[in-house]
Amino acid sequence: MGRPKTYLQANYDVLHHKITPPPSGKPLKEGVGRLGQILVGEHVKIHENARLIGPLVIGDGCIIEKGAIVGRETVLGENVRLEENSTVKGSVIFSDSIIQNSSYLKDCIVDSNCRIERGSFIENGAVLGGSVRLGPHSRVGSERYISNSNVILPQSMVDSDYPIVT
């Protein structure tokens, strides 16, 4: 993948049509709680009280629940679930990941099959490898890496890279 900042910037450039190919998906009509270019895949469920601010892409089969916010420059892969009152901004979330209630993710990369449990916070430049489970009310510091299949205990503060605990 290279450096997280470079990867995120490449996604931002695609969303802003600076490089090709352009992002795919069906444009979602602007309206209350929906602003900017929003592209959605098939079989997507978006609660009427969710807020979407483009440019962003929502993959096939995603579910965005009540009170959730999907901010600018976000890419949600297939079958991502964003639960109530959670926020994702400027991030790439790969397929089959779950972001539980009241979690906050900003400018991060979350690989496939991850579970971010309720009330968790992931800061700028953090990367979660595939199948990571982040316990409730945990925090991942800026530019930290958690390798594949790690389980982070509830109320943990990850302030260094995490290849150790599984």
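Residues numbered from 1 in each chain as written. Predicted model: local features only at pLDDT ≥ 70, side-chain atom pairs only at ≥ 80, totals over all residues. Heavy atoms only, no water.

A. Spatial organisation of unusual backbone geometry. In this model, glycine 54 is joined to proline 55 through a cis peptide bond whose omega is 10 degrees. Relative to the assigned elements, proline 55 resides in the loop between β5 (51-53) and β6 (56-58). The residue glutamate 73 is not glycine, and still its phi comes out positive at about 60 degrees. Non-glycine residue asparagine 85 carries a positive phi angle of around 60 degrees. Checked against the element boundaries, asparagine 85 lands in the loop between β10 (81-82) and β11 (87-89). Of the residues examined, asparagine 85 reaches a relative accessible area of 45% and is grouped as partly exposed. (Helix = DSSP H or I, 4+ residues; strand = E, 2+ residues; numbered from the N terminus. Buried < 20%, exposed > 50% of the residue type's maximum accessible area, 1.4 Å probe, protein only.)

B. The arrangement of the UniProt feature "domain: Mannose-1-phosphate guanyltransferase C-terminal" (unreviewed entry) in the protein in detail. In this structure's numbering, the residues bearing the UniProt feature "domain: Mannose-1-phosphate guanyltransferase C-terminal" (unreviewed entry) are residues 53-161. Taken end to end, residues 53-161 is 0% helix and 38% strand, and its two terminal C-alpha atoms sit 31 Å from one another. (UniProt positions renumbered as here; feature names shortened; annotations may be inferred.)

C. Just the pattern of salt bridges, in detail. This structure, assessed with the given rule, holds 7 salt bridges. Here glutamate 83 ties to arginine 81 by a salt bridge, and the two come within 3.7 Å at their closest N and O atoms. Glutamate 83 gets classed as buried once you look at its relative accessible area, which sits at 15%. By relative accessible area, arginine 81 is classed as partly exposed at 30%. A salt bridge links glutamate 117 to arginine 133, with the nearest nitrogen and oxygen atoms 2.3 Å apart. Here glutamate 117 is found in the loop between β16 (115-116) and β17 (121-122), whereas its partner arginine 133 is found in strand β19 (residues 133-134), with 16 residues between them in sequence. For glutamate 117, a relative accessible area of 7% gives the class buried. A relative accessible area of 42% places arginine 133 in the partly exposed class. The network of salt bridges with common partners includes Glu65, Arg81 and Glu83. (Salt bridge = Lys/Arg side-chain N within 4 Å of Asp/Glu carboxyl O.)

D. Examining the nonpolar core more closely. Counting residues in hydrophobic clusters, the biggest one holds 30 residues, and the most contacted among them are Ile58, Ile64, Leu105, Ile116 and Ile122. Sorting the residues of this core by element identifies β3 (38-40) and β6 as the ones contributing at least two each. Excluding anything up to four places from it in sequence, isoleucine 64 contacts Lys45, Ile46, His47, Ala50, Leu52, Ile58, Val70, Leu76 and Leu82. (Core = buried A, V, L, I, M, F, W, Y, C linked by side-chain atoms within 4.5 Å. Contact = heavy atoms within 4.5 Å.)

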